[in-house]
Amino acid sequence: MSELMTQPPGVIYRPGTSDAEIEAAAASAERRRKRTVRAWQVLLLVVLLGGWELLARAKIIDVFFFSSPSAIAARLYDWIVHGANGTPLWFHVWVTIEEALLGFFSGFILGILAGVALGRNRMASDVLTVYIKVFNSVPRVVLAPIFILLFGLGLTSKVALSFVMVFFIVFSNAFQGVREADRALIANARILGASKWQLTRSVIVPSAMSWIFASLHVSFGFAIVGAIVGEFVGARYGIGVLIQIAGGAFDTAGMYAAIVIIMVVALVAEYAVTYLENRLAKWRPAPLQEMA
Amino acid sequence: MTADGKSMTAIRDFDMSVEDGEFVAVVGPTGCGKSTTLNLITGLDRPSAGEVRLYGNPVNGIDQRIGFVFQTDALFPWRNVIDNVVAGPLFRGKSKADAYRDAQVWLARVKLSGHETKYPHQLSGGMRKRVALAQTFINEPRILLMDEPFSALDVQTRVLMHDALLTLWTAARASVVFVTHDLEEAITLADKVYVLTAGPATVKSVYDVDLPRPRIAAEIRYQQDFIDLSHTIWNDLRDEVMKGAAQSDAAA
């Protein structure tokens, strides 16, 4: 009878069917499901890494080409403690991140400005579209040697490469977003009294934002690609340099260790972008199925 | 002009005048050029021949005295309720403090006080329309154009919206041109009902609705004189609806 005492007066439930009990049961089922998912994720990781390690130790796969998780971990530890290529590891990592960030932000901001400006100006976009297509058809990595020649082995050449990679993605998304802005919203704003500039600022840009954000995830990846390819071609510091050196010395553990570092950097960036997106787009309805 | 560059005659010899403070409803078969007419009055589009006059002056660009309620949802989805309502006054250069104070007043009139910080996607269809009404009325338009504003709502909500609209209109005394395909809606709201012909549209006939005001939308449709009037206008409209349907079948 004790559970009947906690119910609102006048309402009597059969045991186990009160609102509180049903909610508690649903919550614990949800917790169980989450634990199961997490357990399977860990198990999968252990099986993959353990299998790799075992196969390498049993000499079924060639450690010369595939290395082994323990060797990669040992190399990472060595780099963290003693530095890599005569320089502390964090410095290499920071150089690459700095290049990628500078390229990303400059490309992102100029890409939005150019995309919105061209999207709002019919004449200019009709004139320039063909040239933009031509430039866009150039694979960006072939510019790396030119940028090294132009800007030297330092920071500038990698930032430039990151920039061109990010710029065109953001530009074409912003342009498309401006063009796809809802006609009803534009008509409404005009009748409510918006001037051309007010229309751009308070209707066109916000409605293009979802297109621009869609490009954000991809473009940060490309910013890192730009920085690393630039480092391959010519640099003194950076993760790209580490991979280049390890490759030259047939040091597969070193190459994989550098890849692990890049993975970590890219994942952190991905989370940061998602966080930013959620903060800025709080007006959007929550997705039906929350992504895990 | 249509998008593919061919000219299309949506309306021809279209002559209609609206008195100050009058509520006019326009009914006609689908695709007869009702929306075109409204776009011409606002200045969103320009006529290929002839001219539209407002208070004796030709329409040239968007007129500040006009308000427009759209058929589709035209609230800014990235702004919350009150920021949607203040959009017009801020565009027109009012101070922030004044705009937000007025917005509170209008939100109270459409019974949405307490929902200021919600986003449009969190509201029901009827609430969104009420925000749209507040957004339009806050600019104090002398002429209010409405393009099938309630056609997306369910029947019960629509009746509530009719009452809300009549209350706002009575307070604001704007001239209203209300386009609809729903004859009962037209008679419920309007002083005058224009029946249009199938496209190209011209005015076929005009009916005065002399039902007394204030009207209660939920009740009026069961009164005998409402039913009689509705019957008369429908007989007139039916031929055009048939013609319009035949035209759109032929075009498809």
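Residues numbered from 1 in each chain as written. Chains lettered and ligands numbered in written order. Predicted model: local features only at pLDDT ≥ 70, side-chain atom pairs only at ≥ 80, totals over all residues.

Draft legend 1. Quick peek at the overall build of chain A. The secondary structure content of chain A amounts to twelve helices and zero strands. The N-to-C order of helical and strand elements in chain A reads α-α-α-α-α-α-α-α-α-α-α-α. The C-alpha radius of gyration of chain A comes to 27 Å, more than 25% above the 19 Å expected for a compact globule of 292 residues. Projected onto its principal axes, the C-alpha positions of chain A cover 85 × 70 × 30 Å. Going through the 292 residues of chain A one by one, you find that 32% of them count as buried. Taking as baseline every contact in chain A between residues at least 6 positions apart, the subset at least 24 positions apart corresponds to 73%. (Helix = DSSP H or I, 4+ residues; strand = E, 2+ residues; numbered from the N terminus. Rg over C-alpha atoms; globule rule 2.2 N^0.38 Å. Buried ≥ 20, exposed ≤ 12 C-beta atoms within 10 Å, placed from the backbone. Contact = placed C-beta atoms within 7 Å.)

Draft legend 2. Looking closely at the interface of chain B and chain A. Each partner contributes residues to the interface: chain B has 19 residues there, and chain A has 14 residues. Breaking the side of chain B that touches chain A down by element, the ones donating at least two residues are β4 (66–69) and α3 (87–91) of chain B. Top contributing element to the side of chain B that touches chain A by residue count: α3 of chain B, with three residues.

Draft legend 3. Representation of the domain arrangement of chain B in the model. Residue and element names in this part refer to chain B. Partitioning chain B into domains gives domain 1 (1–65 + 142–252) and domain 2 (75–140). Between the C-alpha centres of domain 1 and domain 2 the distance comes to 25 Å. With seven residues, helix α6 (residues 155–172) is the single largest residue contributor to the side of domain 1 that touches domain 2. (Domains from an automatic or database assignment.)

Draft legend 4. Summary view of helix α10 (residues 196–233) of chain A. Helix length check: α10 of chain A (38 residues) gives 46 Å between terminal C-alpha atoms against 56 Å at 1.5 Å per residue, more than 12% under. The principal kink in α10 of chain A, of about 40°, is found at Met209 of chain A. (Expected span 1.5 Å × (residues − 1). Bend = angle between axes of the 7 residues up to and from the residue.)

Draft legend 5. Structural context of the packing of helix α7 (residues 144–151) of chain A against α10 of chain A. All names here are of chain A. Interaxial distance between α7 and α10 falls to 9 Å at its minimum, and their mutual angle equals 70°. Relative to α10, the element α7 is oriented roughly perpendicular. Every residue of α10 that contacts α7 at Ala144, Pro145, Phe147 and Ile148 is listed here: Val229, Gly230 and Val233. Residues belonging to the contact of α7 with α10 are distributed by class as follows: six nonpolar, one polar and no charged. (Axes fitted to C-alpha atoms, helices over the stretch in contact; angles between N-to-C directions. Parallel < 35°, antiparallel > 145°, perpendicular 65-115°, else oblique. Nonpolar A, V, L, I, M, F, W, Y, C, P; charged D, E, K, R; others polar.)

Draft legend 6. Region of the structure containing the environment of Pro58 of chain B. Residue and element names in this part refer to chain B. Note that Pro58 resides in strand β3 (residues 57–58). When the C-alpha positions of Pro58 and Val176 are compared, they lie 19 Å apart, and in sequence the two are 118 residues distant. Beyond its immediate chain neighbours, meaning those up to four positions away, Pro58 contacts Glu51, Val52 and Arg53.

Draft legend 7. Region of interest: unusual backbone geometry. Pro214 of chain B follows Arg213 of chain B through a cis peptide bond whose omega is -5°. For Pro214 of chain B, the position within the fold is in the loop between β8 (203–208) and α8 (217–220). You will see that Ser67 of chain A, though not glycine, has its phi angle at about 50°, which is positive. Checked against the element boundaries, Ser67 of chain A lands in the loop between α3 (63–66) and α4 (69–82). One non-glycine residue, Asn85 of chain A, lies in positive phi territory at about 55°. Tracing the backbone through its elements, the reader meets Asn85 of chain A in the loop between α4 and α5 (89–120).

Draft legend 8. Spatial organisation of the sheet that holds strand β5 (residues 143–147) of chain B. All names here are of chain B. Strands sit in the order β4-β5-β6-β1-β7-β8 across an open sheet of six strands; the sheet is mixed. Among the strands making up the open sheet, the edge pair consists of β4 and β8. Strand-to-strand twist across the sheet, computed as the mean angle between neighbouring axes with direction ignored, equals 15°. Bridge count between β5 and strand β6 (residues 175–180): five bridges; the pairing is parallel. (Pairing = 2+ DSSP bridges.)

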